[in-house]
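Per-entry structural report
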Amino acid sequence: MRVTLAEDSTLLREGLVRLLEEEGHQVIAAVGDGEALVTAVAAERPDVVVVDVRMPPTHTDEGLRAALEIRRRWPLVKVLVLSQYVEKKYATELMSGDVDGVGYLLKDRVAQVGDFLDALERVGAGGAAFDPEVVRQLLARTTHADPLARLTVREREVLELMAQGLTNASIAQALHVSQSAVEKHVNSLFDKLALSHTAGYSRRVLAVLRYLGT
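This section reports on the structure supplied with the text. (Residues numbered from 1 in each chain as written. Predicted model: local features only at pLDDT ≥ 70, side-chain atom pairs only at ≥ 80, totals over all residues. Heavy atoms only, no water.)

1. Re the overall build of the protein chain
A count of helical and extended segments in the protein chain gives 10 helices and six strands. Classification of the 214 residues of the protein chain by burial places 48% in the buried group. Of the contacts made within the protein chain by residues no fewer than 6 positions apart, 66% connect residues no fewer than 24 positions apart. For the protein chain, the accessible surface area stands at approximately 10200 Å², while carbon and sulfur atoms represent 49% of it. (Helix = DSSP H or I, 4+ residues; strand = E, 2+ residues; numbered from the N terminus. Buried < 20%, exposed > 50% of the residue type's maximum accessible area, 1.4 Å probe, protein only. Contact = heavy atoms within 4.5 Å. Areas by Shrake-Rupley, 256 points an atom, 1.4 Å probe, with all protein chains shown as cover.)

This is the structure we're talking about:
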């Protein structure tokens, strides 16, 4: 894949460049701030960008705001956020729309290099990859009025695994149940959340996160 990196730590940025090139990917740009990332994407149109959240000049949310701009202006460009932080406001916005080709990983929780590479390839192929801790923190923002309160414990578990981008078969394996049981839970939680059958596949992944603002 053709990859653009945005990471303000020079050491980590250069390490990612070397890792990706060793895996056969082409790093067409490696920059240190959000504005430079948007400029690089406008010039080169990479397949996927890997972006940190906190970058110059304020080190708050520049990376996520750049990611949102990229998704808005160039929807075919995939986005993988790689950060130490869950910036809830913009993360919710990023994950509430079409999440095909979107991922959010926490640096400290990437236990193996292979996990990062697998997530990158999944996002680059148009799938989704979300760290369970990111999902947990976003779901924790819901109130007692949140429609998630209607879900059973098992349905909530299925939903959180869906939010990580897992297929029904992978969810069944993770929960040690049959795939047909997972399908029943999926259909049930869609009904409880009043999700339209015509909403599209993206509802599988993080549709319920649209309710986080309620």
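From this point, the discussion proceeds with the structure in view.
2. Quick word on the packing of aromatic side chains
Summed over all chains, the structure comprises zero aromatic pairs. If you follow Arg-54 out to its NZ or CZ, it ends over the ring of Tyr-85, 3.6 Å from the centre. (Phe/Tyr/Trp six-rings, centres within 6.5 Å; stacked < 30°, edge-to-face > 60°. Lys NZ or Arg CZ within 6 Å of the ring centre and 35° of its normal.)

3. Section: helix α7 (residues 153–163)
Residues spaced three or four apart along an α-helix face the same direction, because each turn holds 3.6 residues. Buried within α7 we find Glu-155, Val-158, Leu-159, Leu-161, Met-162 and Ala-163. Of the residues one or two after α7, Gly-165 is the one with positive phi, at around 95 degrees.

4. Here we look at the side chain of Glu-62
Within the fold, Glu-62 resides in helix α3 (residues 62–73). The side chain of Glu-62 sits in the buried core without any salt bridge; Arg-65 is the nearest counter-charge, 4.2 Å away. Aside from chain neighbours lying at most four places away, what touches Glu-62 is Gly-34, Val-53, Met-55, Pro-56 and Pro-57. (Lys, Arg positive; Asp, Glu negative; His and termini not counted. Salt bridge = Lys/Arg side-chain N within 4 Å of Asp/Glu carboxyl O.)

5. Side note on the nonpolar core
If you look at soluble globular proteins, the nonpolar side chains tend to sit buried side by side. Within the largest apolar cluster, 33 residues are counted, with the highest numbers of intra-cluster contacts made by Leu-37, Ile-70 and Tyr-104. Elements with a contribution of two residues or more to this core: α2 (34–44), β3 (48–51), α3, β4 (78–83), α4 (88–96), β5 (102–106), β6 (128–130) and α6 (132–139). Top contributing element to this core by residue count: α3, with five residues. (Core = buried A, V, L, I, M, F, W, Y, C linked by side-chain atoms within 4.5 Å.)

6. Some points on the sheet that holds β5
One open sheet holds the six strands; their spatial order is β2-β1-β3-β4-β5-β6, and the pairing between them is parallel. One side of each edge strand has no neighbouring strand; the edge strands of this open sheet are β2 (26–31) and β6. Averaged over all adjacent pairs, the angle separating strand axes in this sheet is 20 degrees, with direction ignored. Pairing between strand β1 (residues 2–6) and β2: five bridges, direction parallel. For Ala-6, the partnering residue across the bridge sits in β2 and is Val-31. Docked against the sheet, helix α5 (residues 113–124) engages β3, β4, β5 and β6, running at close to 155 degrees with respect to β4. (Pairing = 2+ DSSP bridges. Axes fitted to C-alpha atoms, helices over the stretch in contact; angles between N-to-C directions.)

7. Considering helix α8 (residues 168–175)
Taken together, the buried positions of α8 are occupied by Asn-168, Ile-171, Ala-172 and Leu-175. Viewed along the axis of α8, the buried residues span an arc of 100 degrees, placing them on a single side of the element. Positive phi appears at His-176, one or two residues downstream of α8, with a value of about 60 degrees. (Arc of directions from axis to C-beta.)

8. Thoughts on the pattern of salt bridges
For the structure shown, the criterion picks out seven salt bridges. Taking the shortest distance from any N to any O, the salt bridge between Glu-44 and Arg-2 comes out at 3.7 Å. You can see Glu-44 sitting in helix α2 and its partner Arg-2 sitting in strand β1, a full 42 residues away along the chain. According to the relative accessible area criterion, Arg-2 is partly exposed, its value standing at 26%. Of the charged contacts in the structure, one is a salt bridge between Arg-154 and Glu-157, with a shortest N-O distance of 2.8 Å.

9. Some remarks on the packing of helix α1 (residues 10–22) against α5
Where α1 meets α5, the closest approach of the two axes is 12 Å, and the angle between their N-to-C directions is 70 degrees. Taken together, the axis directions place α1 and α5 in an arrangement best described as roughly perpendicular. Facing Leu-16, Leu-19 and Leu-20 of α1, the residues of α5 in contact are Val-113, Phe-116, Leu-117 and Leu-120. Tallied by class, residues from the contact of α1 with α5 come to seven nonpolar, no polar and no charged. (Parallel < 35°, antiparallel > 145°, perpendicular 65-115°, else oblique. Nonpolar A, V, L, I, M, F, W, Y, C, P; charged D, E, K, R; others polar.)

10. Points about a negative patch on the surface
On the surface, Glu-21, Glu-22, Glu-23, Asp-115, Asp-118 and Glu-121 cluster together to form a negatively charged patch. Of all the secondary structure elements, the ones that give two or more residues to the negative patch are α1 and α5. The leading source of residues in the negative patch is α5, at three residues. Note on placement: Asp-118 falls in helix α5. The partly exposed category is assigned to Asp-118, whose relative accessible area is 47%. (Patch = residues over 30% accessible without salt bridge, like charges linked within 9 Å, V, L, I, M, F, W, Y side chains within 5 Å. Charge placed at Lys NZ, Arg CZ, Asp CG, Glu CD.)

Honestly, it's all geometry; don't read function into it.
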